[in-house]
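Commentary on secondary and tertiary structure
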Amino acid sequence: MPPATHHAFKALGRRLSNWGRWGEDDQLGTANLLTDETRRAASRLIRTGRIVDLGMPFGDEGPQTGANGRFNPIHRMTQLPTDGATPSGQIVSDDMVVMPLQCATQWDSLAHVGYDGLLYNATPASVVTATAGASRNSADQVVGRLIGRGVLLDIARLKGVPSLGASEEITAGDLDAAARTQGVEVRSGDILLVRTGWYRYFLDPSLGVPYVSDAVPGLGVSCCEWLHERQVAAVAADNQAVEVKPSVEPGAGLPVHMVLIRDLGMTLGEMFDLEELSEVCASEGRWDFFFSGLGLKISRSVGSPVSPLAIM
Ligand code: UVW
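Below: a short report on this structure.

Each value, and the rule that gives it
- Residues numbered from 1 in each chain as written.
- Predicted model: local features only at pLDDT ≥ 70, side-chain atom pairs only at ≥ 80, totals over all residues.
- Heavy atoms only, no water.
- Helix = DSSP H or I, 4+ residues; strand = E, 2+ residues; numbered from the N terminus.
- Rg over C-alpha atoms; globule rule 2.2 N^0.38 Å.
- Buried < 20%, exposed > 50% of the residue type's maximum accessible area, 1.4 Å probe, protein only.
- Pairing = 2+ DSSP bridges.
- Axes fitted to C-alpha atoms, helices over the stretch in contact; angles between N-to-C directions.
- Near = heavy atom within 4 Å.
- Polar contact = N/O pair within 3.5 Å; in protein donor to acceptor, adjacent residues only side chain to side chain.
- Areas by Shrake-Rupley, 256 points an atom, 1.4 Å probe, with all protein chains shown as cover.
- Nonpolar A, V, L, I, M, F, W, Y, C, P; charged D, E, K, R; others polar.
- Parallel < 35°, antiparallel > 145°, perpendicular 65-115°, else oblique.
- Contact = heavy atoms within 4.5 Å.
- Salt bridge = Lys/Arg side-chain N within 4 Å of Asp/Glu carboxyl O.
- Left-handed = near helix turned anticlockwise from the far one by under 90°.

1. Quick look at the overall build of the protein
- If you tally the helices and strands in the protein, you get 9 helices and 17 strands.
- In terms of C-alpha radius of gyration, the protein reaches 20 Å, essentially the compact-globule figure of 20 Å for 312 residues.
- Seen through its C-alpha atoms, the protein measures out along the principal axes to roughly 70 × 50 × 45 Å.
- Expressed as a percentage of the 312 residues in the protein, the buried residues total 53%.

Here it is, written out as structure tokens:
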């Protein structure tokens, strides 16, 4: 295997880099492209008011297998209405949850992935510590801003299949073809949702294909430049990692993560449920909508659970 420094994605990352573009102290990356103007324009896309829920349930029915320290949420009660009543008769239930922030529908922050010791905007990886979490580029910096024009590119529909195949790569050409076929333009400040169809394996385990595994379809490296050229603010998909696994570049790990998160400063959304949205968009003949993806502002976190919505 060549030394790590020779991987092709690094040259691409250098070429597309947004480091310094919004200042040396910037921690928002391409979320800077979400402005008052993009939010105002997105609000005008609400026509019927119909909500399409794009999130997974956060429960023990989640997709995690225990691999990589990721498990499904553990929900416990901390107070029960049968524990006792106040003199007025008041009774109370409280609860708590223990979960990895990467366990279900989630945003990856700009502290989640880097390479060669650096995170987005030349931030040293040492800003993430075991006791303090991420003192820069954390999820809480950005997740309160992820709202705007959402666009769905439905690659499974484009290819006429319920789901792309295991390890099937989506190329920039596929994104172009989907946009052309659907008659939608991807513009600066959009939050792009890409449907592979893989979510069906989470919804229906009887299909016998693991939803979380090392062989999933998703974006290939050529999509990084496509997203950069169109000035996309954030990208999300219905699979585990947004990108294809394993990567086409041998030994590269997660090159799309590394280029998008570390070099472009782009927040990634994973495990979005795009099944109903695909049907609604097809039946309404429109592929853009008001998108709300506000995450949890967990201090110094590197990821955030999210319950995203499309409002039609
Ligand atoms: C890794 O597996 C590193 O990340 P993600 O969950 O974002 O795919």
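2. Quick notes on the sheet that holds strand 9 (residues 147–154)
- Across the sheet, which stays open at both edges, the 9 strands sit in the order 1-17-15-9-11-13-14-4-16 with mixed pairing between neighbours. In the strand order of this sheet, the two ends are held by strand 1 (51–53) and strand 16 (303–305), each with one partner. Taking the axes of each pair of neighbouring strands and ignoring which way they run, one obtains an average angle of 30 degrees across the sheet.
- Across 3 bridges, the pairing between strand 1 and strand 17 (residues 309–311) is antiparallel. The partner of Ile51 across the bridge, within strand 17, is Ile311.

3. Some words on unusual backbone geometry
- With an omega of -5 degrees, the peptide bond between Lys245 and Pro246 qualifies as cis.
- Considering the arrangement of structural elements, one finds Pro246 in the loop between strand 13 (234–237) and helix 8 (255–264).
- Positive phi, close to 50 degrees, is recorded for Asp116, a residue that is not glycine.
- Position of Asp116 among the secondary structure elements: in the loop between strand 4 (106–108) and strand 5 (118–119).
- With a phi angle near 60 degrees, Met271 is a residue other than glycine that sits in the positive phi range.
- Within the secondary structure, Met271 sits in the loop between strand 14 (267–270) and helix 9 (275–284).

4. Section: helix 8
- A large share of helix 8 lies buried, amounting to 10 of its 10 residues.
- Here helix 8 has its buried residues at Pro255, Val256, His257, Met258, Val259, Leu260, Ile261, Arg262, Asp263 and Leu264.
- Looking at the residues trailing helix 8, positive phi occurs at Gly265, about 75 degrees.

5. What to know about the site of the ligand
- The local shell around the ligand consists of Arg70, Asp108, His112, Gln240, Ala241, Leu254, His257 and Glu270.
- For the ligand, an oxygen atom lies 2.9 Å from a polar atom in the side chain of His112.
- His257 places a side-chain nitrogen or oxygen 2.8 Å from an oxygen atom of the ligand.
- In isolation the ligand offers 260 Å² of accessible surface; the protein chains occlude 82% of this area.
- Of the residues that constitute the shell around the ligand, the class distribution is 2 nonpolar, 3 polar and 3 charged.

6. Comments concerning the packing of helix 5 (residues 172–182) against helix 7 (residues 222–229)
- At a minimum axis distance of 7 Å, the contact between helix 5 and helix 7 shows a crossing angle of 50 degrees. On the basis of their axis angle, the class for helix 5 and helix 7 is oblique. Across the interface between the two elements, Ala172, Leu175 and Asp176 from helix 5 touch Ser222, Cys223 and Trp226 from helix 7.

7. Points about the pattern of salt bridges
- This model, assessed by the stated rule, comprises 18 salt bridges.
- When the shortest N-O distance is used, the salt bridge between Glu225 and Arg15 registers 2.9 Å. Of this pair, Glu225 sits in helix 7 while Arg15 sits in helix 1 (residues 8–16), and the two are 210 residues apart along the sequence.
- Residue classification places Glu225 among the partly exposed positions, given a relative accessible area of 25%.
- The exposed category is assigned to Arg15, whose relative accessible area is 52%.
- When the shortest N-O distance is used, the salt bridge between Glu168 and Lys159 registers 3.7 Å.

8. Comments concerning the packing of helix 1 against helix 8
- Running from N to C, helix 1 and helix 8 point in directions that differ by 25 degrees, and their axes come no closer than 9 Å. For the element pair helix 1 / helix 8, the angle class is roughly parallel. Here helix 1 and helix 8 pass one another in a crossing that is right-handed. Contact with helix 1, carried on its side by Phe9, Leu12, Gly13 and Leu16, involves Pro255, Met258, Val259, Asp263 and Leu264 of helix 8 and no other residues of that element.
- In terms of residue class, the contact of helix 1 with helix 8 is built from 7 nonpolar, 1 polar and 1 charged.

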